[in-house]
Amino acid sequence: GLGPGADSGGSGWCGSRFAGAPGGADVRRPLKYRPWAARGAPRAAPPPSSGPCQSSRGGEPGTEPPRPGPGGSKRLPQALLVGVKKGGTRAVLEFIRAHPDVRAVGSEPHFFDRHYGRGLDWYRSLMPRTLSSQITMEKTPSYFVTKEAPRRIFNMSRDTKLIVVVRNPVTRAISDYTQTLSKKPEIPTFEGLSFRNRSLGLVDTSWNAIRIGMYVVHLESWLQYFPLSQIHFVSGEKLITDPAGEMGKVQDFLGIKRVITDKYFYFNKTKGFPCLKKTESSTLPRCLGKSKGRTHVQIDPDVIDQLRDFYRPYNIKFYETVGQDFRWE
Ligand SMILES: Nc1ncnc2c1ncn2[C@@H]1O[C@H](COP(=O)(O)OS(=O)(=O)O)[C@@H](OP(=O)(O)O)[C@H]1O
């Protein structure tokens, strides 16, 4: 559901005891010819891994034929919302699943990071039933920063469409920290966690809240497997100011009719965010839950400036790589 903590807390049926379980072997190799990966330093193809096999034959993902049933059959996703954490992924998923040609998993499966060892049949069993005309989707924001995720997703299907919601990395970091603080009030200050040495301006890139925002670094791993044309970037900022415009581009990318238009949204003044007029089920609330659109912790403006300086080169490289200017300055 859309309730508070839908994304941020426990993963429901996804128990944590399988966390870190070894994944299946990745059978297929990335393309050798990668014209889209021409920019920057040459990248070596990752070594093939070994281990228990979870094969996907001849480009047909999975091992079990989909069983049709009422409302269609369970299929592996053709499109994934892979990130980024606190970018606005829940909003995009809820908006896109209002489309009649899209069916999505409500919770975060965490298959390509935590539960890969459970295998593709397990993963498929989580999916909603779809008709052949419908697209199956799920969202797990941690995939974007998971080293193995691009290879694993490529091995499921090299045709998988990828969506990444990106947001000003400084704001994203503060949003991330605000969420952690709401669960663990005893953690150190944002200012304290951000730096290895604050007076020297040495940012602690090992802190996840900082690391996730180095988008171009993570993107490089995806580009070893997927052409840029298969990755769509949503501006987390425009998603709030112009949800219909951003969702129009998402629908074009997915190759589905522009059904989710301005008629689907209204701006809820109390929430301070756009909300849906219509949803898949009329019983769902129209706005996202309380954990979406939290008031951020106040941060020392000098720290914000230092982080802005830190992210600038990464942002510029990211804009160049994707050919889009997100204007985060
Ligand atoms: N329509 C609408 N309603 C509510 N919130 C919206 C919306 N569109 C984008 N956002 C922004 O989404 C931010 C949360 O991002 P995610 O859903 O990706 O978070 S999570 O990683 O799944 O926990 C959340 O971040 P915070 O504002 O920091 O809470 C919102 O700014």
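Residues numbered from 1 in each chain as written. Predicted model: local features only at pLDDT ≥ 70, side-chain atom pairs only at ≥ 80, totals over all residues. Heavy atoms only, no water.

### What to know about the side chain of lysine 139
Selection rule: In this description a helix means any DSSP run of H or I spanning at least four residues, a strand means any run of E spanning at least two, and both kinds are numbered starting from the N terminus. Any residue under 20% of the maximum accessible area for its type is buried, any over 50% is exposed, and the rest in between are partly exposed; the area is computed with a 1.4 Å probe on protein chains only. Polar contacts, as counted here, are pairs of nitrogen or oxygen atoms within 3.5 Å of one another; within protein the pair requires one atom able to donate a hydrogen and one able to accept it, and residues that are adjacent in sequence qualify only if both atoms are side-chain atoms.
With respect to the helices and strands, lysine 139 occurs in strand 5 (residues 135–139). Its relative accessible area of 1% is what places lysine 139 among the buried residues. Within the structure, the side chain of lysine 139 is placed 2.8 Å from the side chain of threonine 89, a separation counted as a polar contact. Within polar-contact distance, the side chain of lysine 139 engages the side chain of glutamate 108 at 2.9 Å.

### Digging into the pattern of salt bridges
For the record, the criterion: The working definition used for a salt bridge is a side-chain nitrogen of Lys or Arg within 4 Å of a carboxyl oxygen of Asp or Glu.
If you walk through the whole model with that rule in mind, you get 12 salt bridges. For aspartate 121, the salt bridge identified is with arginine 124, shortest N-O distance 2.7 Å. Placement of both aspartate 121 and arginine 124 in helix 2 (residues 120–125) is noted, with a separation of three residues, approximately one turn of the helix. Here aspartate 121 falls in the partly exposed class, since its relative accessible area comes to 31%. The class of arginine 124 is buried, set by a relative accessible area of 7%. Salt-bridge contacts for glutamate 246 lead to lysine 249; the nearest nitrogen and oxygen are separated by 3.0 Å. Of this pair, glutamate 246 and lysine 249 both sit in helix 9 (residues 243–254), separated by three residues, roughly a single helical turn. Since its relative accessible area comes to 3%, glutamate 246 is described here as buried.

### Brief notes about the site of the ligand
The condition that has to hold: When at least one non-hydrogen atom of a residue lies within 4 Å of a molecule or strand, that residue is treated as near it. For the area figures, the Shrake-Rupley method with a 1.4 Å probe applies, and any residue is considered shielded solely by the protein chains shown. Any residue outside Ala, Val, Leu, Ile, Met, Phe, Trp, Tyr, Cys, Pro, Asp, Glu, Lys and Arg is labelled polar, Gly included; the first ten of those are nonpolar and the last four are charged.
In the region of the ligand, 25 residues are neighbours, and Thr89, Lys139, Ser175, Gly293 and His296 sit closest. The backbone of lysine 86 places a nitrogen or oxygen atom 2.8 Å from an oxygen atom of the ligand. A distance of 3.0 Å separates an oxygen atom of the ligand from a polar atom in the backbone of glycine 88. In isolation the ligand offers 650 Å² of accessible surface; the protein chains occlude 98% of this area. Only helix 1 (89–96), helix 4 (169–183) and strand 11 (273–276) provide two or more residues apiece to the shell around the ligand. Examining the composition of the shell around the ligand, we find that four residues originate from one element, helix 1, more than from any other. When the residues that make up the shell around the ligand are grouped by side-chain class, the tally is eight nonpolar, eight polar and nine charged.

### So, the nonpolar core
Generally speaking, a soluble globular protein has its nonpolar side chains buried in company with each other. The cut-off we apply is this: Joining through side-chain atoms within 4.5 Å is the link that ties buried Ala, Val, Leu, Ile, Met, Phe, Trp, Tyr and Cys residues into a set, and such a set is a nonpolar core.
Of all hydrophobic cores here, the largest spans 37 residues; its most connected members are Phe112, Tyr123, Ile153, Trp222 and Phe318. Those elements giving two or more residues to this core turn out to be strand 2 (79–83), helix 2, helix 3 (149–156), strand 6 (161–166), helix 7 (215–223), strand 9 (231–235) and helix 10 (301–322). Counting residues per element, this core draws most heavily on helix 7, which supplies five residues. Counting residues in each nonpolar core, the second largest holds 27 residues, with Val92, Met137, Val250 and Leu276 among its members.

### Here we look at the sheet that holds strand 2
Definition in use: At least two DSSP bridges between two strands are required for those strands to pair. Where helices are involved, their axes are fitted lines through C-alpha atoms of the stretch in contact, as for all axes, and angles between N-to-C directions lie from 0 to 180°. Contacts are assigned to residue pairs that have any heavy atoms within 4.5 Å of one another.
Taken together, five strands build an open sheet; the order of strands is 3-5-2-6-9 and the sheet is parallel. Taken across any chain shown, the strands that pair with only one partner, and hence form the sheet edges, are strand 3 (102–104) and strand 9. Taken pair by pair, the neighbouring strands of this sheet meet at an average axis angle of 25°, ignoring direction. Relative to strand 5, strand 2 is paired through three bridges, and the arrangement is parallel. Within strand 5, the position partnered with leucine 81 by the bridge is lysine 139. Packed on one face of the sheet, helix 7 meets strand 2, strand 6 and strand 9 and runs near 160° to strand 9.

### Focus on the UniProt feature "binding site: 3'-phosphoadenylyl sulfate" (unreviewed entry) in the chain
Put simply, the rule reads: UniProt positions are given in the numbering used here, feature names are shortened, and annotations may be inferred rather than shown by experiment.
When the UniProt feature table is mapped onto this chain numbering, "binding site: 3'-phosphoadenylyl sulfate" (unreviewed entry) sits at Lys86, Gly87, Gly88, Thr89, Arg90, Arg167, Ser175, Lys292, Gly293, Arg294, Thr295 and His296. Within the fold, lysine 86 resides in the loop between strand 2 and helix 1. Those residues in contact with lysine 86, other than ones at most four positions away along the chain, are Arg167, Arg172, Ser175, Asp176, Gln179, Ser291, Lys292 and Arg294. Note on placement: threonine 89 falls in helix 1. Note on threonine 89: relative accessible area 4%, which makes it buried. Contacts of threonine 89, omitting those with residues within four sequence positions, involve Leu81, Gly83, Val84, Lys139, Pro141 and Val165.

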